[in-house]
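# Summary of structural features
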Amino acid sequence: MHRITADPMDRTRFPVDEWSLIESELRRDDLGAVETLFAVGNGYFGMRGNFDEGRDSHMDGTFVNGFHETWSIRHAEEAYGFARVGQTIVNVPDAKIIRLYVDDEPFVPFEADITEYRRALDLKTGVLTRELVWRTPSGKHVRIRSRRMVSFVERHLGVIDYEVTVLDAHASVLISSQMLNRQDATDEYRAKPLSGDEDFDPRKAESLTERVLIPQLSRERGGRYLLGYRAANSRMTVAAGMDHRFETLDEWEQSAHLDQDHAKQVYRIRATPGTTARLTKTVTYHSSRGVPTRELADRCDRTLDRAAEAGAVQLFADQAAWLADFWERSDVRIGGAPDIQQATRWNLFQLAQASVRTDGGGIAAKGVSGSGYGGHYFWDAEIYALPFFSYTTPDVARNALRFRLGMLPAARERAAELNQRGALFPWRTINGLESSAYYAASTAQYHIDADIAHALMQYVNATGDLDFVARGAIDILVETARMWADLGFWRGNGVRGFHIHGVTGPDEYTTVVNDNLYTNVMAKANLQAAVDMCDRLLRDDPDAYARMALRVDLDTAELAEWRDAAQAMHIPYDEGLGVHPQDAQFLERELWDLDNTPDDKRPLLLHYHPLVIYRFQVLKQADVVLALWLQGHEFTAEEKRRDFEYYDALTTGDSTLSAVVQSIVAAEVGYAHLAIDYFTSAIYVDLANLHRNTADGIHVASTGGVWSALTNGFGGMRDRDGQLDFDPRLPEAWTELAFSIALRGSRLRVTLTREAIAFEIASGEAVTVSVRGSAVVVMPGQPVSVPLAHQGVVIEGTPASADIAGQRRPDGSVITASIPAPLVGEEPE
């Protein structure tokens, strides 16, 4: 279940530092994962943590958010409404390459004799640094220092500083700064295909075999290079540029090379002992859905001009200043656990790198750190990433929701294609069209509509930004509610109820079911939110309501229909077992014996046909338990505990979306030790490569869930229509948990210890919260401390499938547990 109980990091190689991720030893065996861990990005573009020298890589990568190629999906057996157009993120020209030769000997990190080595990602400055000493084959010692950043201030800018010092001898030094179209051009230093490992894994991106980037422009002027391309099928355009400033007291000369896929600026230095040669390289990327590359090239020029005018010192200082403000808003302090503190800050920093400068774009499942999942956007952003931003940096959340609003026309068309009214957002996409070829575990996840509506309401409750609703965001609520009202139906069997059939919930090991609990609970909230916001808009801004009603052709009779459907939504419950069934048929299945499933058969999706998995009670990720968190007011405390115990025993954790949710609910219901175990598993998902696919990019949803696990799980925070309530669960080993919350223009500091929870207004007006049901008014300049009698009940032990096996269903049948026998490849007896 990917649950760990202790720090899994090799601390001789990655020492504990609360503000940095440091690597003190160079190793090849986990190169792909480490390239991801040391990636730098800003949400718009990102550069993987490849070595500057452009060799010895698992996957060289530079990615621009949303820049993709399209391709026709060829189904083995066609059916109406299947996704037709695949979308895959493109590896844009790699401008971070700086190759080094000393006396004509190339510096190749894994072949070199390196006597000193240190690489660090500084979370305060947002800069990746590397410092090493290379002993050349002739015995000369060369110190190499580099700094790399992607700017949070200048959205389109990256900066690389590269210094070379021959310490003890004269030498001939050559520094070659390059930009290479790796998507299409051959890299002469790689023997294997650029797409890398072709083993089956649905989490990886599709490989594109035809030429993707069609050359449109190549230009060099005074050491500045620009390359421009158009994607062959999507017709998107991109321009990449690099500029140079070179400094040394030694004699040097330069030369240039340029073709349609490769640019090279070469410096030859007659190096003297102890004299440093320093190259400052600024890089830029601009992309568009169709703007000509010559215009993008002009934008590149302007970006590079500003960078040259500011200078590297100022650019690095601006980055540090931006991050100082970010951490003031976003830091979560953990007392008594420096290793947990380091991992937590690294995860929060990854959220920033994936999101903060998307500026109207989407938040991809891997951010801009890798090509996993093809660069697609899922529900991950709304449920896992946006809570962090809604409560710390609301503008980022607003931009992400505006991105979804821009997808609404395509979502309406998709709903119509599936014979539904309203709008149905795509399960996975880049350009707004459904891109998943496997509908059972994708298109059938209609809950994405409710997830987006939930994120919208969470943002509005946190910020009070009703203007955003009035200016168009209410259309999301109306069209998603309209879809639910059309998809569901009324059925009377004693008590008339509203049902939703033929959908898939968050758990992708159970597909196309009736009355999935998570879907029904979230759809109920979606319907009610649409009614409430329409009523509020009619009351507070009748003109805006009239424009909306005309825009979406809203009949007031629909509001009554939505209200009735929400109130009568069927919420399945089994009296005999005392749990909410995940869906109408879930409890009829037998159990998968997870307790005795070998580790080499995990994750199940890589070892068993979907039909085999679908026949069992087994979960890829939290489903009912996710509903317990997001819509906790719909369940009693006893129901939450019973549901958690039942489903925790059946959850494989094969999805990285699961551990944070299980941690939150475990903390609430009393499984304190499980809560910290799941949290530890979540913060090390990528740092320790627990799912063995970190090489494909950061698990952005998990990083967002880390913040929720801290604030909602251990901090016990819940938001009910904008009213914050706290019921804390501080782990035994921690002395303190402190974080800040943005709430309707004010910033509230929260500090939790075992004895009390304290509140202070950092900025803004008074805020009213509650602690375990009692109201607390926090005034500016008047901190409030509320004593705590306890940190919640503590339940020992761990739920197991053996606890469920043997119980009887209402029909009297006994629930049994087993593992499907492996037959393929077995020798006959």
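For the structure, check the block above.
Conventions used here
Residues numbered from 1 in each chain as written. Predicted model: local features only at pLDDT ≥ 70, side-chain atom pairs only at ≥ 80, totals over all residues. Heavy atoms only, no water. Helix = DSSP H or I, 4+ residues; strand = E, 2+ residues; numbered from the N terminus. Rg over C-alpha atoms; globule rule 2.2 N^0.38 Å. Buried < 20%, exposed > 50% of the residue type's maximum accessible area, 1.4 Å probe, protein only. Contact = heavy atoms within 4.5 Å. Areas by Shrake-Rupley, 256 points an atom, 1.4 Å probe, with all protein chains shown as cover. Phe/Tyr/Trp six-rings, centres within 6.5 Å; stacked < 30°, edge-to-face > 60°. Lys NZ or Arg CZ within 6 Å of the ring centre and 35° of its normal. Core = buried A, V, L, I, M, F, W, Y, C linked by side-chain atoms within 4.5 Å. Axes fitted to C-alpha atoms, helices over the stretch in contact; angles between N-to-C directions. Parallel < 35°, antiparallel > 145°, perpendicular 65-115°, else oblique. Left-handed = near helix turned anticlockwise from the far one by under 90°. Nonpolar A, V, L, I, M, F, W, Y, C, P; charged D, E, K, R; others polar. Pairing = 2+ DSSP bridges.

We now examine the overall build of the protein. A tally of helices and strands in the protein yields 19 helices and 32 strands. Computed over C-alpha atoms, the radius of gyration of the protein comes to 27 Å, within 12% of the 28 Å expected from 2.2 N^0.38 for 829 residues, which places it in the range of a compact globule. Across its three principal axes, the protein shows a C-alpha extent of roughly 90 × 80 × 55 Å. Expressed as a percentage of its 829 residues, the buried residues of the protein come to 62%. In the protein, once contacts between residues fewer than 6 apart in sequence are set aside, the share between residues at least 24 apart is 69%. Split by element, the accessible area of the protein, about 30,600 Å² in all, is 48% carbon and sulfur.

Taken as a whole and judged by the stated rule, the model has 34 aromatic pairs. A ring pair is formed by Phe152 and Phe349, whose centres lie 6.2 Å apart and whose planes are at 90 degrees; its orientation type is edge-to-face. In this pair, Phe152 sits in the loop between β10 (141-150) and β11 (157-166) while Phe349 sits in helix α4 (residues 338-355), placing the two residues 197 residues apart along the sequence. Residue classification places Phe152 among the buried positions, given a relative accessible area of 1%. A centroid spacing of 5.3 Å and a plane angle of 70 degrees characterise the contact between Trp490 and Phe498, whose relative ring orientation is edge-to-face. When its relative accessible area of 31% is taken as the criterion, Trp490 is described as partly exposed. One aromatic cluster is present, built from ring pairs that chain together Trp19, Phe152, Trp322, Phe326, Trp327, Phe349, Phe388, Phe389, Tyr391 and Trp707. For Arg147, the ring lying beneath its charged end belongs to Phe316, and the centroid distance is 3.8 Å. One Lys or Arg, Arg496, reaches over the ring of Trp490 and ends 4.0 Å from the middle of that ring.

All right, on to the nonpolar core then. Counting 200 residues, the largest nonpolar core has Tyr646 and Phe759 as its most contacted members. The greatest single-element share of this core, amounting to 13 residues, is contributed by helix α9 (residues 466-487). Beyond its immediate sequence surroundings of up to four residues, Tyr646 is in contact with Leu577, Val579, Phe586, Leu587, Leu591, Gln617, Ile804 and Ile815.

It is worth spelling out unusual backbone geometry at this point. Going from Arg602 to Pro603, the amide bond is cis rather than trans, its omega being -10 degrees. By secondary structure assignment, the location of Pro603 is in the loop between β22 (590-592) and α13 (610-614).

Right, let's talk about the packing of helix α6 (residues 394-406) against α9 for a bit. Where α6 contacts α9, the two axes come as close as 9 Å, and the packing angle between them is 45 degrees. On the basis of their axis angle, the class for α6 and α9 is oblique. Where α6 crosses over α9, the handedness of that crossing is left-handed. Contacts from Arg398, Leu401, Arg402, Arg404 and Leu405 of α6 reach α9 at Asp467, Phe468, Gly472, Ala473 and Ile476. By residue class, the composition of the contact of α6 with α9 is 5 nonpolar, 1 polar and 4 charged.

Remark on secondary structure: sheet strands pair via backbone hydrogen bonds, oriented parallel or antiparallel. Pairing within the open sheet is antiparallel, and its 5 strands lie in the order β19-β26-β27-β28-β31. The sheet is open, and its two edges are formed by β19 (333-335) and β31 (784-787), each paired on a single side. With direction set aside, neighbouring strand axes in the sheet form an average angle of 20 degrees. With 6 bridges connecting them, strand β27 (residues 746-752) and strand β28 (residues 756-763) associate as antiparallel partners. Paired with Val750 across the bridge in β28 is Phe759.

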